[in-house]
Amino acid sequence: MTDHTSPKSNPAQRSQLRCIGCGVVCEKAEQNFHCASCGDLLEIVYPDWTSTRLDPARLRTLWRQRRASGLPVDESGVWRFRELLPGFDDWHEIITLREGNTPLYEMPHCARVSGLEQLYAKHQGMNPTGSFKDTGMTLAASVARREGFRWVACASTGNTSASMAAYAARGGMRSLVLIPEGKVSWGKLSQALDYGAVTCQLKTDFDGCMRLLNEVVQRMPVYLLNSVNPYRLEGQKTAAIELMEQFDWQPSDHIIVPGGNLGNSSALGKAFLEMKQLGFISTVPKVSIIQAAGANPLVRTMRENGGKKLISVQAETAASAIRIGNPASWKKAVGVLQATGGAVEQVSEVEIALAKSEIGADGIGCEPASAVTLAGLMKLVKQGFVKSGESVVLILTGHLLKDPEFTLKFHRGDLFAGTESEKEADILRPQQRAPIVLDATTDAVIRTLKEADGRLEA
Ligand code: F0G
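Residues numbered from 1 in each chain as written. Predicted model: local features only at pLDDT ≥ 70, side-chain atom pairs only at ≥ 80, totals over all residues. Heavy atoms only, no water.

Turning our attention to the overall build of the protein. Looking only at helices and strands, one finds 17 helices and 13 strands in the protein. For 458 residues, the compact-globule formula gives about 23 Å, and the C-alpha radius of gyration of the protein, at 22 Å, lands near that figure. Here the C-alpha coordinates of the protein stretch approximately 70 × 50 × 50 Å along the principal axes. Across the protein, the fraction of contacts at a sequence separation of at least 24, relative to all contacts at a separation of at least 6, is 70%. Approximately 19,200 Å² of the protein is accessible, and the part contributed by carbon and sulfur atoms is 51%. (Helix = DSSP H or I, 4+ residues; strand = E, 2+ residues; numbered from the N terminus. Rg over C-alpha atoms; globule rule 2.2 N^0.38 Å. Contact = heavy atoms within 4.5 Å. Areas by Shrake-Rupley, 256 points an atom, 1.4 Å probe, with all protein chains shown as cover.)

Time to look at empty space enclosed by the protein. This model, assessed by the stated rule, comprises one cavity of 30 Å³ or more. When its volume is computed, the largest cavity comes out at roughly 310 Å³. With three residues, the single largest contributor to the lining of the largest cavity is helix H10 (residues 263–277). Class assignment of the residues belonging to the lining of the largest cavity gives a composition of nine nonpolar, 15 polar and three charged. (1 Å grid on protein atoms, 1.4 Å probe; cavity = no way out; pocket = protein on both sides within 12 Å on 5 of 7 lines; lining within 4 Å. Points joined across faces, edges and corners; volume = space filled by probe spheres on them. Nonpolar A, V, L, I, M, F, W, Y, C, P; charged D, E, K, R; others polar.)

Between its terminal C-alpha atoms helix H5 (residues 159–170) stretches 17 Å, which fits the 16 Å expected from 12 residues at 1.5 Å a residue. With 10 of its 12 residues buried, H5 lies for the most part within the structure. When we look at burial in H5, the residues that qualify are Asn 159, Thr 160, Ser 161, Ala 162, Ser 163, Met 164, Ala 165, Ala 166, Tyr 167 and Ala 168. As for H5, its buried residues are in contact with helix H4 (133–146), strand S6 (151–155), strand S7 (174–180), helix H6 (186–194) and helix H8 (230–236). (Expected span 1.5 Å × (residues − 1). Buried < 20%, exposed > 50% of the residue type's maximum accessible area, 1.4 Å probe, protein only.)

We now examine the layout of surface pockets. Approximately 670 Å³ is the volume attributed to the largest pocket. Taken together, 27 residues form the lining of the largest pocket, with Lys 183, Glu 316, Thr 317, Ala 318 and Ser 320 sitting closest to its centre. Every element with two or more residues in the lining of the largest pocket is listed here: H6 and helix H15 (404–412). At three residues, the largest contribution of residues to the lining of the largest pocket is made by H15. Among the residues forming the lining of the largest pocket, the class breakdown is 10 nonpolar, nine polar and eight charged. Estimated volume of the second largest pocket: approximately 460 Å³. Listing elements by their share of the lining of the second largest pocket, those giving two or more residues are strand S3 (42–45), H8, H10 and helix H12 (330–340). Here the lining of the second largest pocket takes seven residues from H10, the largest share from any one element. Along the lines of polarity and charge, the residues of the lining of the second largest pocket split into 11 nonpolar, four polar and seven charged.

This part takes up the site of the ligand. Lining the immediate environment of the ligand, one finds 19 residues, of which Ser 156, Gly 260, Asn 261, Leu 262 and Thr 397 sit closest. Between the ligand and Asn 159 there is a distance of 2.8 Å, counted from an oxygen atom to a side-chain nitrogen or oxygen. With respect to the ligand, the backbone of Asn 261 contributes an N or O atom lying 2.7 Å from an oxygen atom. For the ligand, the protein covers 98% of the area, taking 470 Å² as the surface of the free molecule. Comparing atom positions with the cavity grids shows the ligand to sit within the largest cavity. Looking at the shell around the ligand, the elements that each hand over two or more residues are H5 and H10. The residue makeup of the shell around the ligand, split by class, is six nonpolar, 11 polar and two charged. (Near = heavy atom within 4 Å. Polar contact = N/O pair within 3.5 Å; in protein donor to acceptor, adjacent residues only side chain to side chain. Sits in = over half its atoms within 2 Å of the grid points.)

Moving on: the sheet that holds S3. With antiparallel pairing, the three strands of this open sheet are ordered in space as S2-S1-S3. Each edge of the open sheet is held by one strand with a lone partner, namely strand S2 (25–26) and S3. Relative to S3, strand S1 (residues 16–19) runs antiparallel, the two sharing four bridges. By the bridge assignment for S3, Cys 19 is matched with Leu 42. (Pairing = 2+ DSSP bridges.)

Soluble, globular proteins show a tendency: their nonpolar side chains are buried together. Ranked by size, the top nonpolar core spans 82 residues in total, and within it Trp 79, Tyr 223, Phe 272 and Met 275 carry the most contacts. Looking at this core element by element, the count peaks at six residues for H4. Non-local contacts of Met 275, meaning those with residues more than four positions away in its chain, are made with Ala 240, Ile 241, Met 244, Trp 249, Phe 280 and Ile 281. Among the nonpolar cores identified, the runner-up in size contains 34 residues, and Ala 371, Ala 375, Met 378 and Val 381 belong to it. (Core = buried A, V, L, I, M, F, W, Y, C linked by side-chain atoms within 4.5 Å.)

This paragraph deals with H10. Look at H10: 21 Å from first C-alpha to last across 15 residues, which is about the 21 Å you get at 1.5 Å a residue. Of all 15 residues in H10, 12 are buried, a share of seventy percent or more. Of all the positions in H10, only Gly 263, Asn 264, Ser 265, Ser 266, Ala 267, Leu 268, Gly 269, Lys 270, Ala 271, Phe 272, Glu 274 and Met 275 are classed as buried. Two residues or fewer after H10 comes Gly 279, characterised by a positive phi angle close to 85 degrees.

Following this line, the structure appears as structure tokens:
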């Protein structure tokens, strides 16, 4: 077997950190990953990149060949693309759970209900801990360990903490999790606990947890693993690279992403722009970002001031993963919208619930925050922004089993009980399938089967 990890066959990329505000370049970040000069966010740049050094045709072949390799660094769907990532001198230093390599599904039912000829979903919920966070965590956790940190930490609506705790455990580090009390689904919380995180439930929201953590990392030697950490976004970039590989390097017209802290949309946008710059693809898909109407700071920011100044909101939505009012990466996301020509849209709670059940009807399933993509797409089609013959990919960010309580409440019909959405929720009735309680008899089961399928009656 060819050892693709040898430094000779695979020289590690030299990377630097550059401020997105003032452009200052540095080799090492402050503890809070903000620019020491102006306080803005940092991004990773590669000073040696040229399309001659990174030959797209050679790399496409090499990346495919690695799928047949048994080396951990090649089996990972992130590190398979390591020529476009910050380098490690010794690839054995990376912490990997074989993340990435997620499926691209055709979604015929969802295409029909949204008025499209064809629709795809890239399911990032099929990662080792059930969300897209793993693709960034493998890189950033590896950097933390290389820098000698014993502790890593994050504020989270649940998925980041699950992922961080897993990679920390795998890499022999301790992890500290700050989560908003009562607002993190049990699936996610239980993951953090099982992977050994010190888990603090704080009487505040995600934005409050984030504020506090920024102070903790200034005073204690813990490594910040939120998506302000630009290494996270570099890892998350690979979903876009892998998607282009799945499309045989023919970009789709649209990519639809949920927006919370706005790290993922920023990462995917960066990947598409870099792939275009390096000659891997000839056009860039429009990256559109969808938020819950109750947690819509980017929507308001774009509509009310064209993306110049963040309008924070008090966030409220049952899609708890994206219950974020003060997104850290808003400026990067605005850059992606502008550079790719994508749209920003918001969707109601009932629209999210309906979209989630439509995705389920394709046999796929996802968590509520992922379903905003389909709900938003339906609006973008109605508005004419997405045309029926265009190719569209939904990025599904989390697995259905992350938040089973939402799904159960939906089917029992009490998801919106006592809320403003209760009246509107009537339209969900045809989608609801509560469990049926029966006497334990064959006749009762057969009667139910016949009722459910009129054809059996005939
Ligand atoms: N979808 C899911 C399932 C998420 O968990 C998140 C964010 C998003 C979408 C939004 O992505 O923040 O990059 O815009 N979850 C974070 C967390 C905030 O703590 O798990 P984003």
